[in-house]
Amino acid sequence: MDNQDLRKAGLKVTLPRVKILQQLESSESRHLSAEDIYKALMEAGEDVGLATVYRVLTQFEQAGIVLRHNFEGGSAVFELADEGHHDHMVCTETGEVIEFVDEEIEKRQKMIADKHGYDIVDHALVLYVKPKRK
Ligand SMILES: [Zn+2]
């Protein structure tokens, strides 16, 4: 993802857009809320307001650059749409988001849709989890 990708997505290259894209790419966590991005930018000394972060993320979502997830019990999180399909687990205690792919689940879902006479267009599976107690 670079300035070229912004242009390809039909977005003008502006400083806030570039800075927010960089945050999404360089952050340790692949799943970030608007507040996470806003705080990281502030800490880096960037003068980008929270309203701008929200607006740019919505533009990115409409342009297909990011995916928005509305997980229960937290604010929406965003991730770059550059990865292949995967599902998510959300820890109900820490809010941590864990990605996973399971071929069996993928296959079963296709079979179920097929049995009902449908093709899957898209799906999202979220498991809400808590750490195992020893
Ligand atoms: Zn993800």
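Keep in mind the model is a prediction, meaning the values are calculated, not measured. (Residues numbered from 1 in each chain as written. Predicted model: local features only at pLDDT ≥ 70, side-chain atom pairs only at ≥ 80, totals over all residues. Heavy atoms only, no water.)

Peer 1: Could you clarify how one ought to interpret the coordination of the zinc ion in this entry?
Peer 2: Tetrahedral metal sites with four donors have an ideal angle of 109.5 degrees; octahedral sites with six donors have ideal angles of 90 or 180 degrees. Bound to the zinc ion are the protein donor atoms His31 (NE2), Glu79 (OE), Glu79 (OE), His86 (NE2), His88 (NE2) and Glu99 (OE), situated 2.1 to 2.5 Å from the metal. Seen from the zinc ion, its 6 donor atoms lie at angles of 54 to 164 degrees, and the figure they make is irregular. Binding-site remark: the zinc ion is held by donors from one chain whose sequence spacing is H-x47-E-x6-H-x1-H-x10-E. Of this pair, glutamate 79 sits in strand E3 (residues 77-80) while glutamate 99 sits in strand E5 (residues 97-100), and the two are 20 residues apart along the sequence. What makes glutamate 79 buried here is its relative accessible area of 0%. Judged by its relative accessible area of 26%, glutamate 99 falls in the partly exposed class. (Donors = N, O, S within 2.8 Å, 3.2 Å for Na, K, Ca; no water. Tetrahedral: all angles 85-135°; square planar, octahedral: opposite > 155°, others 65-115°. Helix = DSSP H or I, 4+ residues; strand = E, 2+ residues; numbered from the N terminus. Buried < 20%, exposed > 50% of the residue type's maximum accessible area, 1.4 Å probe, protein only.)

Peer 1: Even after reading the chapter, I still don't get the pairing of E5, so can you show me in this structure?
Peer 2: Along a regular strand, successive side chains alternate from one face of the sheet to the other. For strand E4 (residues 87-91) and E5, the ladder comprises 4 bridges, and the chain directions are antiparallel. Note on E5: the bridge partner recorded for histidine 88 is glutamate 99. Between E4 and the antiparallel strand that follows it, E5, lie 5 residues; glycine 95 among them carries a positive phi value of about 80 degrees. (Pairing = 2+ DSSP bridges.)

Peer 1: Even after reading the chapter, I still don't get the confidence of the model for the protein chain, so can you show me in this structure?
Peer 2: Should pLDDT be low for a region, the predicted coordinates there are not to be read in detail. Of all residues in the protein chain, 99% have pLDDT values of 70 or greater, and the mean over the chain is 93. When the elements of the protein chain are averaged for pLDDT, helix H1 (residues 3-8) gives the smallest value, 86, and helix H4 (residues 50-62) the largest, 97. (pLDDT = per-residue confidence, 0-100.)

Peer 1: Can you walk me through the nonpolar core in this structure?
Peer 2: Taken as a class, soluble globular proteins show a tendency for nonpolar side chains to be buried jointly. Core analysis: the largest hydrophobic core is formed by 20 residues, its most contacted members being Ile20, Leu24, Ile37, Val53, Leu57, Phe60 and Ile65. Among the elements of the structure, helix H2 (15-26), helix H3 (34-43), H4 and E3 are those that each provide at least two residues to this core. (Core = buried A, V, L, I, M, F, W, Y, C linked by side-chain atoms within 4.5 Å.)

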